[in-house]
Amino acid sequence: MLGPGGAAKGNPSYEVMGVTRYWRYSRESMQRLIEAGRVVQTKPGTVPMYKRHLDESKGAPLSSNWSDIRHIGGWSGEKLGFPTQKPVALLERILLASSNPGDVVLDPFCGCGTTIDAAQALGRRWIGIDITHLSIGLIKHRLVGRWPEIASTYRVVGEPTTADDAAVLAYEDPFQFQAWALGLVGARIAGSDKKGGDKGIDGKLYFRYADGGPTKQIVFSVKAGHLVPAYARDLRGVLEREGAEIGVLLSFEEPSAGMRSEAAEAGFYESPWGRHPRIQLRTIRELLDGKGVDYPHVTGSNVTHRRAQRARAAGPEAIELPFGPAEPEVSTQ
């Protein structure tokens, strides 16, 4: 509101709200602005300023350098442990700028599911596609933790649902079979996304009895091929070395009597909820039939996957999460 150049440029000088300066406006124009509520003074003695509303200015175009969105650090509550995870705020800005509520958002390389999380929050329909069972397993756990009230309204297309399907996956890609099998019991690949186990450990599951309590560990060995009795003995050795509470062998084949005898000799892990075999043998068929790992199952006990803050959906929806070869038609409701 100050007149540039002062008296030399012919700007009038007078008092406004106790402050005398050379002003851009005549005394009469200034009075009209004051009466219209367009002149404000933050505190006595400061130079009055012109009050401008946002809708009166076109503003500045948003540049391609979005430095106002912070990266995901180790302290972030939304961090899920996926190496290329992006902030939800970034995807929300992209979707707000490029779509409307009710539109369908497609992410053909959806990683850990940040895009579909943002699309769900903004009322968009969505389709997420990824080639790895590691990603699909993480997305499923993310949806359960973030949107618990709609957890039963989506399905995964292309994931093995029968023992025959699992046999094909085990033959074509043992590592993907391993990631998928671990996902059936809520475990994760040992060593994140690296192929091969970590010192005889293919996967891990962490649990605790109550919030803030000590974390306990279950180690997994996954075998897609032929079983030999040594596998049970090796798992028992890994269990002792790691100081884990329970060890589980997941296999496609049925364990032999010798393997079951070896597992039985490992004894039991005692918990406030009872006795749990320290070495457990589970086949893929048993897992698909609903027989899981025997460990203390209490609310929130499985802390293997970090959970983002829960959200509430606007209403029930039917969601598709395609995986693998596309079907002739996929509905998104």
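Thresholds, definitions, all that
- Residues numbered from 1 in each chain as written.
- Predicted model: local features only at pLDDT ≥ 70, side-chain atom pairs only at ≥ 80, totals over all residues.
- Heavy atoms only, no water.
- Helix = DSSP H or I, 4+ residues; strand = E, 2+ residues; numbered from the N terminus.
- Buried < 20%, exposed > 50% of the residue type's maximum accessible area, 1.4 Å probe, protein only.
- Lys, Arg positive; Asp, Glu negative; His and termini not counted.
- Salt bridge = Lys/Arg side-chain N within 4 Å of Asp/Glu carboxyl O.
- Polar contact = N/O pair within 3.5 Å; in protein donor to acceptor, adjacent residues only side chain to side chain.
- pLDDT = per-residue confidence, 0-100.
- Contact = heavy atoms within 4.5 Å.
- Expected span 1.5 Å × (residues − 1).
- Pairing = 2+ DSSP bridges.
- Arc of directions from axis to C-beta.
- Core = buried A, V, L, I, M, F, W, Y, C linked by side-chain atoms within 4.5 Å.

Peer 1: Report on the side chain of Asp-130, specifying residues and quantitative values.
Peer 2: For Asp-130, the position within the fold is in the loop between strand 6 (125-128) and helix 4 (133-146). For the buried Asp-130, no salt bridge exists, and the shortest N-O distance to an oppositely charged side chain is 11 Å, to Lys-86. Side-chain polar atoms of Asp-130 contact the backbone nitrogen of Gly-111, separated by 2.9 Å. In terms of polar contacts, Asp-130 uses its side chain to reach the side chain of Ser-135, at 3.5 Å.

Peer 1: Now, about the confidence of the model for the chain: what can you tell me, with residues and values included?
Peer 2: For the chain, the mean per-residue pLDDT works out to 84, and 86% of the residues sit at or above 70. Per-element averaging of pLDDT across the chain places strand 15 (residues 319-322) at the bottom with 50 and strand 5 (residues 104-107) at the top with 96. A low-confidence stretch, residues 315-319 (pLDDT under 50), is modelled with 14 contacts involving residues beyond four sequence positions or located in other chains. Within the model, the stretch residues 323-333 combines pLDDT values under 50 with 26 contacts to residues more than four positions away or in other chains.

Peer 1: Tell me about the pattern of salt bridges, residues and numbers included.
Peer 2: Charged atoms that come close allow side chains of opposite charge to pair. For the coordinates displayed, the defined rule picks out 12 salt bridges. Measuring nitrogen to oxygen at the nearest pair gives 3.1 Å for the salt bridge that ties Arg-241 to Glu-242. Relative accessible area serves as the criterion here: at 28%, Glu-242 is assigned to the partly exposed category. Salt bridges sharing common partners tie together Asp-117, Arg-142 and Arg-146.

Peer 1: Requested: an account of helix 4, with residues and values cited.
Peer 2: Compared with the 20 Å implied by 1.5 Å per residue over 14 residues, the 20 Å span of helix 4 between its first and last C-alpha is a close match. Among the residues making up helix 4, those that are buried are His-133, Leu-134, Ser-135, Ile-136, Gly-137, Leu-138, Ile-139, Arg-142, Leu-143, Gly-145 and Arg-146.

Peer 1: Lay out the pairing of strand 2 (residues 19-22) with the relevant residues and their values.
Peer 2: The pairing of strand 1 (residues 13-16) with strand 2 spans four bridges and is classified as antiparallel. Paired with Val-16 across the strands is Val-19, a residue of strand 2. Between strand 1 and strand 2, which pair antiparallel and follow one another directly, the connecting turn spans two residues, one of which, Met-17, has a positive phi of 55°.

Peer 1: Give me the lowdown on the sheet that holds strand 11 (residues 246-251), citing residues and values where you can.
Peer 2: With respect to topology, five strands assemble into an open sheet ordered 8-9-10-11-14, the strand pairing being mixed. Sheet topology places strand 8 (188-189) and strand 14 (279-283) at the edges, where each strand pairs with a single neighbour.

Peer 1: Tell me about the environment of Arg-188, and name the residues and values.
Peer 2: The topology assignment puts Arg-188 in strand 8. On a C-alpha basis, the gap between Arg-188 and Leu-134 in space is 8.0 Å, while along the polypeptide they are 54 residues apart.

Peer 1: Tell me what's going on with helix 5 (residues 163-172), and back it up with residues and numbers.
Peer 2: Buried within helix 5 are the following residues: Ala-163, Ala-166, Leu-169 and Ala-170. The arc that holds every buried residue of helix 5, seen down its axis, measures 115°, which confines them to one face. Exposed and oriented more than 90 degrees from the buried face of helix 5 are Asp-164, Tyr-171 and Glu-172. Buried residues in helix 5 make contact with helix 4, helix 6 (174-184) and helix 9 (284-288).

Peer 1: Explain the nonpolar core to me, and be specific about the residues and the numbers.
Peer 2: Counting residues in each nonpolar core, the largest one holds 26 residues, and the members touching the most others are Phe-177, Ile-218, Phe-220 and Leu-250. When residues of this core are traced back to their parent elements, those giving at least two are helix 5, helix 6, strand 9 (203-207), strand 10 (216-223), strand 11 and helix 9. Sort the elements by how many residues they give to this core and helix 6 lands first, with six residues.

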